[in-house]
Structure formats: C-alpha cells, structure tokens
Amino acid sequence: MSLPIAVLLSGGGSNLQSIIDKIEEGVLDAEIKLVISNRARAFGLERARNHGIPTQVLSHKDYRSREDFDRAMVEAMHDHGVSAPEGAVIMAGFMRMVTHELLGAFPNRVLNIHPALLPSFPGVHGQADAADYGVKISGCTVHFVDEEMDHGPVIIQAAVPCNAGDDGESLGPRILKLEHRVFPQAIQWLSRERLEIQDRHVHLKFAGVPLAETPRVSVEPPCNALVWPPLEDGF
Ligand code: GAR
C-alpha cells in the first residue's frame, strides 16, 4: 500500500520537490495528501500546487500555544486522510518544534531532515554552525522526531567534506543535494515498514551490505559523500 503522508514546511520546499519527483518516478511509494506551511509565502506551497497537491497555511501566530497549533495541524491532516497508524508526517524544512499533541497522534510516524550530522549542530543554522566551527566533515540526518529539538532516533546520515573557507552558503548546497536523496529513501523504508526502533537505535530490516562495501556517492558540486545505510537503486 502506498504511504499516505502530510508534508510540513516553512520555506522553499526543495525537499518537498525531491519527494514529489521520486513519487512521480515510481521509486517512492507514497502519496502526499496535504502540504501544510506555517508561512503563507513559502515557495513550497507553489511547488505543491504545481502538482495538484492540496495545501493549507496554518500560521503558528494564530494559536495561543504550540499545543493548540499542533492540534490544528493534526485536524487538517486527519481531514485529508493522513492518520496513524498508516499515515506519516514529513517535516521538510519545517522550522517549528512539535509537541506531544502531534507526536501522540502519530507515534513513531514523524520524520525530520536536518542539515548537519546530529547530534552536532542542531537548530536552524546547522550548515553555517558546522562551517563556522571548522569541522572537516558535515552532512545531513534523517531522524524520527521526538519532543526535543533535532534529537530522535537516527534513520540515515550522509557525510560530505567541509573545506577551510567553506561557510554556510558554500556548504549548504552540497548538503542539500544529499538531503534530496536520503529523505525520499528514508520515507520509502518507512513506507515498506522496514524501520524498527529499539531504544534509540533504528534497525533497517532486510538490509545486508557489508561495511567493507560501503558505497561512496558522487554529488554535485563535485565531491564524494558517504551515505549509511546505503541508498538503494533509484535514490
Ligand atoms: C533544509 O536544508 C532542511 O534540512 C533544513 O531546512 C532546509 C529546507 O530547505 N531544516 C532544518 O534546518 C531543520 N532544523 P527546503 O525548504 O528547500 O527543503
């Protein structure tokens, strides 16, 4: 069965676009039932409309508490046919923390992407914070969401080199290219019920690539990336 999802975003929506593209290519078995933005001018809304996907703007500023805001989002998702246990919530550049109101409605069904190798550099400036710190390697992380910021169990990570002289502006696009590959992959694993959480550890069922065969992935701008668990064909 194809996975019914709601995508939450706040901005440009390039991750949304990568999910749409993988669905249209037939490698990601999911259906985007609704895109919710907390910002009316988010370009991601236009991307959704271009593909006939229903959208809704819910501004957090119209609600008295985070919990009230989350309840409104859950109601909208339910109205559009996204509910647990089948459905899932995909946070694709959604710059708000969510509460037990949303997480309780979708237990272990909320995924987020973060542009750094968690637990390093959580927050809204992951790329710039890592570059400014002077790390040699950064990347991105897809994880299950819990009530702490950028904290839940890790599903997949991708690592790219970070050079002296890199800043958030130069490192960001390198990481984003990988985000567009690992996020649809993680959603596909969820769709196939292949993700099992034990404590903080996410086990990918039916995966069998030995560590010695770890594939390097070439991305533009030209660099080699390390992705683990490895991407499957089409991602
Ligand atoms: C992405 O880089 C995503 O990882 C990041 O926002 C960007 C959204 O881009 N998310 C966070 O920083 C969450 N802490 P997009 O709107 O083009 O998908």
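Residues numbered from 1 in each chain as written. Predicted model: local features only at pLDDT ≥ 70, side-chain atom pairs only at ≥ 80, totals over all residues. Heavy atoms only, no water.

Draft legend 1. Structural view of unusual backbone geometry. The omega torsion across A84 and P85 is 5°, close enough to zero to call that bond cis. Tracing the chain through its elements places P85 in the loop between helix 3 (66-79) and strand 4 (88-91). For the bond from L118 to P119, the omega torsion is 15°, close enough to zero to count as cis. Mapped onto the fold, P119 is located in the loop between strand 5 (110-114) and helix 5 (126-133). (Helix = DSSP H or I, 4+ residues; strand = E, 2+ residues; numbered from the N terminus.)

Draft legend 2. Quick peek at the packing of aromatic side chains. Inspection of the entire model under this criterion finds three aromatic pairs. Ring centres of F69 and F94 lie 6.5 Å apart, and the angle between their planes is 20°; this geometry places the pair in the stacked category. Taken together, the positions of F69 in helix 3 and F94 in the loop between strand 4 and helix 4 (100-105) put the pair 25 residues apart, joining distant regions of the chain. Using a relative accessible area of 5% as the deciding quantity, one classes F94 as buried. (Phe/Tyr/Trp six-rings, centres within 6.5 Å; stacked < 30°, edge-to-face > 60°. Buried < 20%, exposed > 50% of the residue type's maximum accessible area, 1.4 Å probe, protein only.)

Draft legend 3. Structural detail: the site of the ligand. Neighbouring the ligand are 15 residues, the closest being G13, S14, N15, H114 and E179. In the environment of the ligand, an oxygen atom lies 2.7 Å from a nitrogen or oxygen atom belonging to the backbone of G13. H114 is positioned with one of its side-chain polar atoms (N or O) 3.2 Å from a nitrogen atom of the ligand. Starting from 450 Å² of accessible surface for the ligand in isolation, the protein chains cover 88%. Comparing atom positions with the cavity grids shows the ligand to sit within the largest pocket. Among the elements of the structure, helix 1 (14-25), strand 5 and helix 6 (168-191) are those that each provide at least two residues to the shell around the ligand. (Near = heavy atom within 4 Å. Polar contact = N/O pair within 3.5 Å; in protein donor to acceptor, adjacent residues only side chain to side chain. Areas by Shrake-Rupley, 256 points an atom, 1.4 Å probe, with all protein chains shown as cover. 1 Å grid on protein atoms, 1.4 Å probe; cavity = no way out; pocket = protein on both sides within 12 Å on 5 of 7 lines; lining within 4 Å. Sits in = over half its atoms within 2 Å of the grid points.)

Draft legend 4. Up close: the sheet that holds strand 10 (residues 216-219). What the nine strands build is an open sheet, ordered 3-2-1-4-5-6-7-11-10; its pairing is mixed. Both outer strands of the open sheet, strand 3 (55-57) and strand 10, are each paired with one neighbouring strand and no more. Sheet twist, expressed as the average angle between the axes of neighbouring strands with direction ignored, equals 20°. Pairing analysis gives four bridges linking strand 1 (residues 3-9) to strand 4, with the strands arranged parallel. Bridged to V7 within strand 4 is I90. Together, strand 1, strand 2 (30-37), strand 4 and strand 5 form the strand contacts of helix 1, whose direction differs from that of strand 2 by roughly 160°. (Pairing = 2+ DSSP bridges. Axes fitted to C-alpha atoms, helices over the stretch in contact; angles between N-to-C directions. Contact = heavy atoms within 4.5 Å.)

Draft legend 5. Representation of the environment of K61 in the model. Along the polypeptide, K61 turns up in the loop between strand 3 and helix 3. Overall, K61 belongs to the exposed group, its relative accessible area being 70%. Sequence-wise, K61 and G134 are 73 residues apart; in three dimensions their C-alpha atoms are separated by 36 Å.

Draft legend 6. Local environment of the layout of surface pockets. As a volume, the largest pocket reaches approximately 620 Å³. Taken together, 34 residues form the lining of the largest pocket, with G93, F94, M95, I113 and P115 sitting closest to its centre. At the level of elements, helix 1, strand 5, helix 5 and helix 6 are the ones that each hand at least two residues to the lining of the largest pocket. Class assignment of the residues belonging to the lining of the largest pocket gives a composition of 13 nonpolar, 14 polar and seven charged. Size it by volume and the second largest pocket reaches roughly 170 Å³. What lines the second largest pocket is simply R194, L204, F206, A207, G208, V209, W228, P229, P230, L231 and E232. Taken together, the residues that form the lining of the second largest pocket break down as eight nonpolar, one polar and two charged. (Points joined across faces, edges and corners; volume = space filled by probe spheres on them. Nonpolar A, V, L, I, M, F, W, Y, C, P; charged D, E, K, R; others polar.)

Draft legend 7. Spatial organisation of the pattern of salt bridges. Applying the stated criterion to the full structure yields nine salt bridges. For R174, the salt bridge is made with D166, and the minimal N-O distance between the two is 2.9 Å. A relative accessible area of 10% means that R174 is categorised as buried. The exposure class assigned to D166 is buried, which follows from its relative accessible area of 12%. A salt bridge links K205 to E196; its shortest N-O distance comes to 3.8 Å. What makes K205 partly exposed here is its relative accessible area of 29%. According to the relative accessible area criterion, E196 is partly exposed, its value standing at 32%. (Salt bridge = Lys/Arg side-chain N within 4 Å of Asp/Glu carboxyl O.)

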